[in-house]
Amino acid sequence: MKYEKTGVIDISQLKMPNEKQLKKGVAITECLQPIPCNPCKEVCPTDAIKMENINDPPDIDYDKCIGCALCVEVCPGLAMFVVRVRDDKAMISLPYEMLPMPERGQIVKALDREGKIVGNAVVKAIKHGRTNVITIEVDKNLAMVVRNIKVEK
Amino acid sequence: MRIEEHPILKFERERKINFYFNGIKMEAYEGETIASALHANGIKVLSHSRKGRARGFFCGIGKCSSCLMTVNGTPNVRTCITMVKDGMIVEGDKYDLPESFPYRKPIKEKIDVSMAIVGAGPAGLAAAIESAENGIDAILIDENPRLGGQLIKQTHKFFGSSREGAGKRGIEIAKELEEEATKKAKILLNTSVIGYYDKGYHFLVAANQMDGILYEIKAKKIIFSTGAQENMLVFEGNDLPGVYGAGGVQTLTNVYGVKPGNSGVIIGAGNVGLILSYQLLQAGVDVKAIVEAMPKIGGYFVHAAKVRRNGVPIYTRHTIKEAYGKDRVEGAKIVALDEKWNTIEGSEKDIKCDFIAVSVGLTPSTRLVQQTGAKIKFISAAGGWVALHNEYMETTKDGIYVAGDASNIEEASTAIIEGKIASLHASNSLKKVHGYDKKMKEYMKRLEELRSGIFGERAKFAKNKIYEEYYEIRENRRY
Amino acid sequence: MMKNNADVVIIGAGINGCALAYELSKRGKDVIVLDRRHIAAGATGRCGAGIRQQWSTKENAILAKKSVEIFENLSNELNYDIGFRQGGYLIAIHDENDMQQAKKNVEMQKSIGLDVRIIDADEIKEIVPILEPKGMEAIGATFCPTDGHADPFKTAYGYAMAAIKQGARFYKFTEVKKIRVKDNEIKSVVTDRGEIKTGVVVNAAGAWSKQVAKMAGIELPNKPVRKEALVTEPIKRIFDAMVISFRHGIYFSQMEEGQILGGIPSPEEKTGYHTEPTFSFLQRMAYMLGKYAPVLKSINVMRQWTGYYDVTPDALPILGKTSIEGFIQCNGFSGHGFMISPMVARLLAQLINDEKLDLPIERLSINRFKGKVFKEKSVVG
Ligand SMILES: Cc1cc2nc3c(=O)[nH]c(=O)nc-3n(C[C@H](O)[C@H](O)[C@H](O)COP(=O)(O)OP(=O)(O)OC[C@H]3O[C@@H](n4cnc5c(N)ncnc54)[C@H](O)[C@@H]3O)c2cc1C
Ligand SMILES: Cc1cc2nc3c(=O)[nH]c(=O)nc-3n(C[C@H](O)[C@H](O)[C@H](O)COP(=O)(O)OP(=O)(O)OC[C@H]3O[C@@H](n4cnc5c(N)ncnc54)[C@H](O)[C@@H]3O)c2cc1C
Ligand code: SF4
Ligand code: SF4
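### Overview of the site of ligand 2
All names here are of chain C.
Then, number 1: Of all residues adjacent to ligand 2, which total 35 residues, the nearest are D35, A43, T44, G50 and M339.
Then, number 2: Taking T44, its side chain carries an N or O atom lying 2.5 Å from an oxygen atom of ligand 2.
Then, number 3: Residue A49 places a main-chain N or O atom 3.2 Å away from an oxygen atom belonging to ligand 2.
Then, number 4: Elements that contribute at least two residues to the shell around ligand 2 include exactly α1 (15-26) and β16 (301-311).
Then, number 5: For the shell around ligand 2, the element with the highest residue contribution is β16, accounting for three residues.
Then, number 6: Counting the residues that make up the shell around ligand 2, at least three belong to each of domain 1 (8-46 + 153-222 + 314-370) and domain 2 (89-145 + 223-311).

Next up, the structure:
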């Protein structure tokens, strides 16, 4: 697999939700390897995550998923993201464990999987937890591109 | 160099104190080590070799010898694990014997106990808790000032099953284990076990140098959960101050809140190198690159993705050629490798940085268990020399057990269960444990589960080899 | 592939096997050295490597003195730095009895040209400033400045390398299992890697010499005795001399890099093949070191280990021919097989090469045990 060499996955490797599901907002997992880990499955309130053996990668049932982002907060691999697409905007809930913390309404840089700046994002919500979950708004075409933010001091 | 703000950690610094480095007055906080206090003051060169080469610390856990300094007149003090004290006189490049030496007659204490557990990482802590649950008196010994072993540096959330605390951060798991163990077991900290002697019974000698106590411990069973030590890599300039082991950097940043530098290059893209890079980013350090000699990233993809999306490049099929700088690291030269591991001409990259962290694997710490006469074998899948043992973690010497990284380089989650298994088996052979079979079965099952994926294959292979060799010897010996 | 014949097969790649291989190959002999482990794996790699000429019998003193003469030029000769250093041996005199013996010894030692003298407590402190004569219970000492020390690993390697250059072959991890003898003559040596035809076998197997001799039907009176030693962390170089006491059995010196290395008889001393170190040795040694040099109480011991003395009833080596033609003994060195190895090797090479010997060695032949035993008094460790 190429991602084993680069540390960056190709979007084609993701299981894509359909339009309706995206509109509702669902969890996208970027956890593809068989690693012994299961907290996402345990935390999911709707049993949307299938995992027969602890080493299986999670498989998300987009019909069951309600986009609550509990799995985003718990995932030790920081590999869960909730994506919701409405009109020409995408809302992305992502894990954030860096400093400085942004404020609601702040405009931050939107980064792709290689840490490259691909545009601006508006911070819509911040949920403090074991891992902070930040919800940002970006252009729709960046829904599957942006996976991190950079907050300027 | 102190980290003032951190997204995960709060550094509760204790009382401010002063100490002297080569005659210069410096500030420190109580509760930190001499080496970290020196780093906080920007001092990386601790002393010089006999040939005049600058020396800084490497491992940060008291297992190499590059941090030795003279403290209050006592030569060869391991400054990376010795706490700084008010008014302390710390000197590098001084190997004299003091005029009026600070010798104190040690207090001797004799301990007679059912179980002695050496090393209070996750394996040792779990073993101590297990023994208490079984009504067995045990003593848990660690040479560090704190319980938790490697766990106290792990600010990231752990994988594993929710039952073993997955999703929690290493430091949180350490805290839980620590609280439970402190309630239930007798603990000696700052105490190094320095020798095992067979006197017809198991006999350990341990020393608390800080308080000048020498313990003579008679134990019916011993569990060696002594963890592992960092591997070194050969390259030019690898002895420059600023070349650290990954664990040393973690101790500095995550335990004492001191940055190893402002920008670093990480050698090795296994889980440790990847996680370390992420932790450095959190501490506000610029990670310039991760260099990996293998054609692919060794650690979990999710760990790699975390650093990649923060803009850190990972160079696979590359290696470090040289660390350069005058008296301390000023940069690293890295170079690409071809299919045959030869360096590719003209591929050299020069990366300016002020430290280099080497994370190219760990070697089990087996020196103590080896002294018992338990059969030791080189098993490369296990990380080096290990004591042969059976499924119950008992070595070829009766009553001597191993657990955790000391028995095979693995994970905290497996170390915890191995600690429990060893302790349960030892407890049961001292005194019948109620519900032993059921409990043991349950532990075995969990261990099996944790090792069932492709990332568990190496561990499983290593363990099978260790069991096989164990039974060859035990059978020969017993019958 | 292992070569299957040789003029001489030496069993044991300790200092004596290596030195002899060098002396023999220098004389054009085709030599094979076998060791079941590696160079210096036996007592050689575990010893204090002190070199002392102050012996109570003239023969021993001469043997040691001749060896020192070789040691002095050995780094040059082998083209390999063996770490030879002459810091002298300081031997404690504890009471009037000792003093009488010391006077006798010094007189004899002087007669063979050794620079030895009796010194008082003040001079002890001048030579080794950290010593505390009161703690040592010493009224004086004898001191010979040309006694010294060499690095046992480097010396063995240096000899081996030079021997190899002269055509000798070393086979490591090769264990001798049998020695074939026919009509009272050596025929071959059988190892776990094959058989080597030869007319001469040298038994330099250290503490295992007794077993090796048995393979050829020869009974040796040797016994293995476990001896312990320790080394401390390095401190700044403060003294050059080896300090020893026959009363306390202690010996210690400071290495080139600053560590203090020494030993003392363990309260749990054992005969037989026991390798475990003891805590009582550590305690005893630490206690005595503290008495001899109180300042050393504040430094750490790095390691302790054990090795075997290959001990004969009179604490003297067994050298030379046996009733089996071609079977040569080179063992039983007790606690001093390193210091005399250069001369022992030269004498045995002369013997094997049918030359005239520089010194007579008949008195060290195995035949002496048929008669009465005289014991060398100046033994430590
Ligand atoms: C960067 C990094 C990331 C990791 N991430 C994970 C993860 O996500 N999930 C996971 O499950 N595992 C992880 N691990 C692995 C985990 O930390 C170790 O496997 C685990 O700590 C091993 O536990 P242990 O009890 O065997 O040894 P250790 O934790 O190493 O403890 C050994 C203890 O023994 C003491 N000791 C040694 N010798 C003596 C002596 N002579 N006298 C007294 N005390 C002595 C030491 O001071 C130490 O405290 C990670 C490790 C690293 C370095
Ligand atoms: C603690 C200690 C301190 C000492 N201090 C001093 C000192 O200060 N000064 C001094 O002069 N001497 C000292 N000695 C004594 C000295 O070390 C020995 O006398 C000397 O090293 C003996 O050397 P060797 O070559 O005869 O034997 P060794 O070095 O013991 O070599 C014998 C070799 O034979 C090999 N061998 C055995 N059996 C077989 C077999 N069947 N097949 C193949 N190979 C075999 C072994 O593997 C070994 O390598 C000390 C000894 C000890 C233990
Ligand atoms: S977002 Fe909520 S519902 Fe969807 S998978 Fe995650 S935890 Fe389950
Ligand atoms: S919690 Fe995260 S890392 Fe673990 S299995 Fe679920 S998605 Fe993968």
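There is more to say, and it comes next.
### Here's the deal with the site of ligand 1
All names here are of chain B.
Then, number 1: By nearness alone, 33 residues border ligand 1, and D142, N144, Q150, D405 and A412 come closest of all.
Then, number 2: Between N144 and ligand 1, the recorded distance is 2.8 Å, taken from a side-chain N or O atom to an oxygen atom.
Then, number 3: Separating an oxygen atom of ligand 1 from a backbone N or O atom of E410 is a distance of 3.3 Å.
Then, number 4: Coverage of ligand 1 by the protein chains reaches 94% of its 1000 Å² of free accessible surface.
Then, number 5: Among the elements of the structure, α2 (122-133), β11 (192-198), α5 (271-282) and α8 (412-430) are those that each provide at least two residues to the shell around ligand 1.
Then, number 6: The element contributing the most residues to the shell around ligand 1 is α8, with three residues.
Then, number 7: Residue composition of the shell around ligand 1, grouped by class: twelve nonpolar, 15 polar and six charged.

### Here's the deal with the interface of chain B and chain C
Then, number 1: Across the boundary between the two partners, chain B contributes 18 residues, which contact 19 residues of chain C.
Then, number 2: If you look at where chain B meets chain C, you find five residue pairs in polar contact (both at pLDDT 80 or more).
Then, number 3: Looking at the side of chain B that touches chain C, the elements that each hand over two or more residues are β6 (74-78), β12 (202-208) and β13 (213-224) of chain B.

### Structural notes on the environment of B:E32
Residue and element names in this part refer to chain B.
Then, number 1: Position of E32 among the secondary structure elements: in the loop between β2 (24-29) and α1 (34-40).
Then, number 2: For the pair formed by E32 and G257, sequence separation is 225 residues and the distance between their alpha carbons is 9.5 Å.
Then, number 3: Within polar-contact distance, the side chain of E32 engages the backbone nitrogen of Y29 at 2.9 Å.

### So, unusual backbone geometry
Then, number 1: Backbone torsion omega between A:L99 and A:P100 reads -5°, so that peptide bond is classified as cis.
Then, number 2: When you line up the elements, A:P100 lands in the loop between β5 (89-96) and β6 (107-111).
Then, number 3: Positioned with a positive phi, B:M393 is a non-glycine residue whose angle comes to about 75°.
Then, number 4: Along the chain, B:M393 falls in the loop between β25 (384-387) and β26 (400-402).
Then, number 5: Positive phi outside glycine occurs at C:D354, with the angle close to 55°.

### A closer look at the pattern of salt bridges
Pairing between side chains becomes possible if they bear opposite charge and their charged atoms approach one another.
Then, number 1: Summed over all chains, the structure comprises 58 salt bridges over all chains.
Then, number 2: In this structure, B:R308 and A:E114 form a salt bridge, with 3.9 Å as the shortest nitrogen-oxygen distance. With one member in each of two chains, B:R308 in helix α6 (residues 301-308) and A:E114 in the loop between β6 and β7 (117-127) form a pair that bridges those chains.
Then, number 3: For B:R308, a relative accessible area of 11% puts it in the buried group.
Then, number 4: Accessibility expressed as a relative area gives 33% for A:E114, which makes it partly exposed.
Then, number 5: B:R317 is the salt-bridge partner of B:E339, the closest N and O atoms lying 3.8 Å from each other. Taken together, the positions of B:E339 in the loop between β20 (331-336) and β21 (349-352) and B:R317 in the loop between β18 (314-315) and β19 (318-324) put the pair 22 residues apart, joining distant regions of the chain.
Then, number 6: Among the residues examined, B:E339 registers a relative accessible area of 62% and is labelled exposed.
Then, number 7: Three or more residues joined by partner-sharing salt bridges are found here, namely C:E23, C:K26, C:R27, C:E77, C:R346 and C:E355.

Definitions and limits used
Residues numbered from 1 in each chain as written. Chains lettered and ligands numbered in written order. Predicted model: local features only at pLDDT ≥ 70, side-chain atom pairs only at ≥ 80, totals over all residues. Heavy atoms only, no water. Near = heavy atom within 4 Å. Polar contact = N/O pair within 3.5 Å; in protein donor to acceptor, adjacent residues only side chain to side chain. Helix = DSSP H or I, 4+ residues; strand = E, 2+ residues; numbered from the N terminus. Domains from an automatic or database assignment. Areas by Shrake-Rupley, 256 points an atom, 1.4 Å probe, with all protein chains shown as cover. Nonpolar A, V, L, I, M, F, W, Y, C, P; charged D, E, K, R; others polar. Contact = heavy atoms within 4.5 Å. Salt bridge = Lys/Arg side-chain N within 4 Å of Asp/Glu carboxyl O. Buried < 20%, exposed > 50% of the residue type's maximum accessible area, 1.4 Å probe, protein only.

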